[in-house]
Amino acid sequence: MEGKEEDVRLGANRYREGQPIGTAAQSQDTKDYAEPPPAPLFEPGELSSWSFYRAGIAEFVATFLFLYITVLTVMGVVKSPSKCSTVGIQGIAWAFGGMIFALVYCTAGISGGHINPAVTFGLLLARKLSLTRAVFYIIMQCLGAICGAAVVRGFEKHQYVSLGGGANTVAAGYSKGDGLGAEIVGTFVLVYTVFSATDAKRNARDSHVPILAPLPIGFAVFLVHLATIPITGTGINPARSLGAALIYNKEHAWDDHWIFWVGPFIGAALAALYHQIVIRALPFK
C-alpha cells in the first residue's frame, strides 16, 4: 500500500475546477487541481456583460420549453378515462426527467442549465454563483414557466381548467406536512445529484470514466416524480409550480402553493450543506 496516499492526492489534483455543468473532467491538463474561489455575493460588473443576459435568456427559454412539454403530458394523461390508454404516471415522470436531461445538456455551457430556482438557490448557498446572477436566473425561470403554461392554455382553451392545468396540489388523503416532507426530500435528491454530477474534483479523483452530467440529473428527476406524483404531483421546482398555478388560477391551487416554494428551498439548502460540509469538507465562506 506504500505510495497509495500519494497516488490519491495526485489523482484528486490532476484537473482544474470550473468546467461547465454537463462536461466531464476529461482534460489531459497535468496541472494540480485548485479549488476555485467563492463567487462574490454581489458582482455589479455582470450587469454590463452580454453573457449575463444571454444566460438569463437561456434559462427563460429552457424553462418555457420544460413547462410546455410537461404540462401537455400531464393534461394528456388526466384527459383519458383510462390511464392504461396513456403514458400514465411513468410517462409523466419520463417527460419531466427527459426534458431536464435534454435542456440541461443544451444550456449547460451557457447558463449552467439550472432551469429550477431551487437548484439556483442551492448553488448560491455553495457560492457557485453571485446573488446578482441567482436573482436574475430565478426571475427568468419564473417568467419562462408562466409563458410555457400560458401557451399550453392557449392550445387547450376549452379543457385546460377542467384538466387541472398541471397545477401542483397536495392529494386527498395526505396532509400539508406530508406534502412538505415529500417536496423537501425530493428536492434534496435532485440538488444533491446536481452537486455530485458536476463536481470537477470528484471527476478528477475517481478512476471511472465520468458520466455526462445531465444524465444522472434527468434520471433523478424521473425517479423523484415516480415517488411523489401521487402525493403532490411533484413540484421540486418552484418556477414550474408557479407557472402552472398562475395560469390555472383556481383557489385550491393556491391553498398549498407555499409548500412548493418552502419545501424545495429547504431541500436545496440541506443538499448544499451536506455536499459542501460532509462530502467536500469545505467551509461556507
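Residues numbered from 1 in each chain as written. Predicted model: local features only at pLDDT ≥ 70, side-chain atom pairs only at ≥ 80, totals over all residues. Heavy atoms only, no water.

## What to know about the packing of helix H2 (residues 50–79) against helix H5 (residues 131–155)
Item 1. Packing of H2 against H5 brings their axes to within 7 Å, and their N-to-C directions diverge by 35 degrees. Here H2 and H5 pass one another in a crossing that is right-handed.
Item 2. Looking at the contact of H2 with H5 residue by residue, the classes come out as 21 nonpolar, six polar and two charged. (Axes fitted to C-alpha atoms, helices over the stretch in contact; angles between N-to-C directions. Helix = DSSP H or I, 4+ residues; strand = E, 2+ residues; numbered from the N terminus. Left-handed = near helix turned anticlockwise from the far one by under 90°. Nonpolar A, V, L, I, M, F, W, Y, C, P; charged D, E, K, R; others polar.)

## Quick notes on helix H3 (residues 88–111)
Item 1. When the terminal C-alpha atoms of H3 are compared, their 32 Å separation across 24 residues agrees well with the 34 Å that a helix rising 1.5 Å per residue should span.
Item 2. The principal kink in H3, of about 40 degrees, is found at Tyr 105. (Expected span 1.5 Å × (residues − 1). Bend = angle between axes of the 7 residues up to and from the residue.)

## Section: empty space enclosed by the protein
Item 1. Across all of its chains, the model carries one cavity of 30 Å³ or more by this definition.
Item 2. The space that makes up the largest cavity amounts to roughly 120 Å³.
Item 3. Every residue lining the largest cavity is counted, 18 residues in all, and those nearest its centre are Ile 100, Asn 116, Leu 190, Val 221 and Asn 237.
Item 4. Taken together, the elements giving at least two residues each to the lining of the largest cavity come down to H3, helix H6 (176–197) and helix H8 (214–232).
Item 5. In terms of residue class, the lining of the largest cavity is made up of eleven nonpolar, six polar and one charged. (1 Å grid on protein atoms, 1.4 Å probe; cavity = no way out; pocket = protein on both sides within 12 Å on 5 of 7 lines; lining within 4 Å. Points joined across faces, edges and corners; volume = space filled by probe spheres on them.)

## Let's talk about the layout of surface pockets
Item 1. By volume, the second largest pocket amounts to about 390 Å³.
Item 2. Lining the second largest pocket we find 23 residues, and of these Val 74, Val 78, Ala 167, Ile 229 and Gly 233 sit closest to its centre.
Item 3. Top contributing element to the lining of the second largest pocket by residue count: H8, with four residues.

## Concerning the packing of aromatic side chains
How two aromatic rings sit relative to each other is given by the distance of their centres and the angle of their planes.
Item 1. Summed over all chains, the structure comprises twelve aromatic pairs.
Item 2. Each ring, one from Trp 94 and one from Phe 222, has its centre 3.9 Å from the other, and the planes form 20 degrees; the classification is stacked. Of the two residues, Trp 94 is situated in helix H3 and Phe 222 in helix H8; the sequence distance between them amounts to 128 residues.
Item 3. Ring centres of Tyr 192 and Tyr 274 lie 5.2 Å apart, and the angle between their planes is 75 degrees; on these two criteria the pair is classed as edge-to-face. One end of the pair, Tyr 192, is in helix H6; the other, Tyr 274, is in helix H11 (residues 259–279), with 82 residues separating them in the sequence.
Item 4. Residue Tyr 192 is classed as partly exposed on the basis of its relative accessible area of 26%.
Item 5. We classify Tyr 274 as partly exposed; its relative accessible area is 31%. (Phe/Tyr/Trp six-rings, centres within 6.5 Å; stacked < 30°, edge-to-face > 60°. Buried < 20%, exposed > 50% of the residue type's maximum accessible area, 1.4 Å probe, protein only.)

## Focus on the side chain of Glu 183
Item 1. If you trace the backbone, Glu 183 turns up in helix H6.
Item 2. The side chain of Glu 183 sits in the buried core without any salt bridge; Arg 240 is the nearest counter-charge, 8.1 Å away.
Item 3. Aside from chain neighbours lying at most four places away, what touches Glu 183 is Thr 232, Thr 234, Gly 235, Ile 236, Ile 259, Phe 260, Gly 263 and Pro 264. (Lys, Arg positive; Asp, Glu negative; His and termini not counted. Salt bridge = Lys/Arg side-chain N within 4 Å of Asp/Glu carboxyl O. Contact = heavy atoms within 4.5 Å.)

## Thoughts on the UniProt feature "transmembrane region" (unreviewed entry) in the protein
Item 1. The sites that carry the UniProt feature "transmembrane region" (unreviewed entry) are, in the present numbering, residues 57–79, 91–114, 134–152, 211–231 and 258–279.
Item 2. Helix makes up 88% of residues 91–114 and strand makes up 0%, while its end C-alpha atoms are separated by 23 Å.
Item 3. Secondary structure within residues 258–279 divides into 95% helix and 0% strand; the distance between the first and last C-alpha atoms comes to 30 Å. (UniProt positions renumbered as here; feature names shortened; annotations may be inferred.)

## Structural notes on unusual backbone geometry
Backbone geometry follows two general trends: most residues other than glycine have a negative phi, and most peptide bonds adopt the trans configuration.
Item 1. Of note, the phi angle at Ile 115 is positive, near 55 degrees, even though the residue is not glycine.
Item 2. Tracing the backbone through its elements, the reader meets Ile 115 in the loop between H3 and helix H4 (117–125).
Item 3. Phi is positive for Ile 236, close to 45 degrees, though the residue is something other than glycine.
Item 4. Here Ile 236 falls in the buried class, since its relative accessible area comes to 2%.

## Describing the side chain of Ser 130
Item 1. Within the fold, Ser 130 resides in the loop between H4 and H5.
Item 2. At a separation of 2.8 Å, a polar atom in the side chain of Ser 130 contacts the side chain of Glu 46.
Item 3. For Ser 130, the contacting residues outside a window of four places in its chain are Ala 39, Pro 40, Leu 41, Glu 43, Glu 46 and Leu 124. (Polar contact = N/O pair within 3.5 Å; in protein donor to acceptor, adjacent residues only side chain to side chain.)

## Regarding the confidence of the model for the protein
Atomic detail in the predicted coordinates should be set aside for any region of low pLDDT.
Item 1. On average, residues of the protein score 85 in pLDDT, and 82% of them are at 70 or above.
Item 2. The spread of mean pLDDT over the elements of the protein runs between helix H1 (residues 4–12), the lowest at 45, and H4, the highest at 97.
Item 3. Below a pLDDT of 50 lies the segment residues 4–31, which in the model reaches 59 contacts outside its immediate sequence neighbourhood of four places, other chains included. (pLDDT = per-residue confidence, 0-100.)

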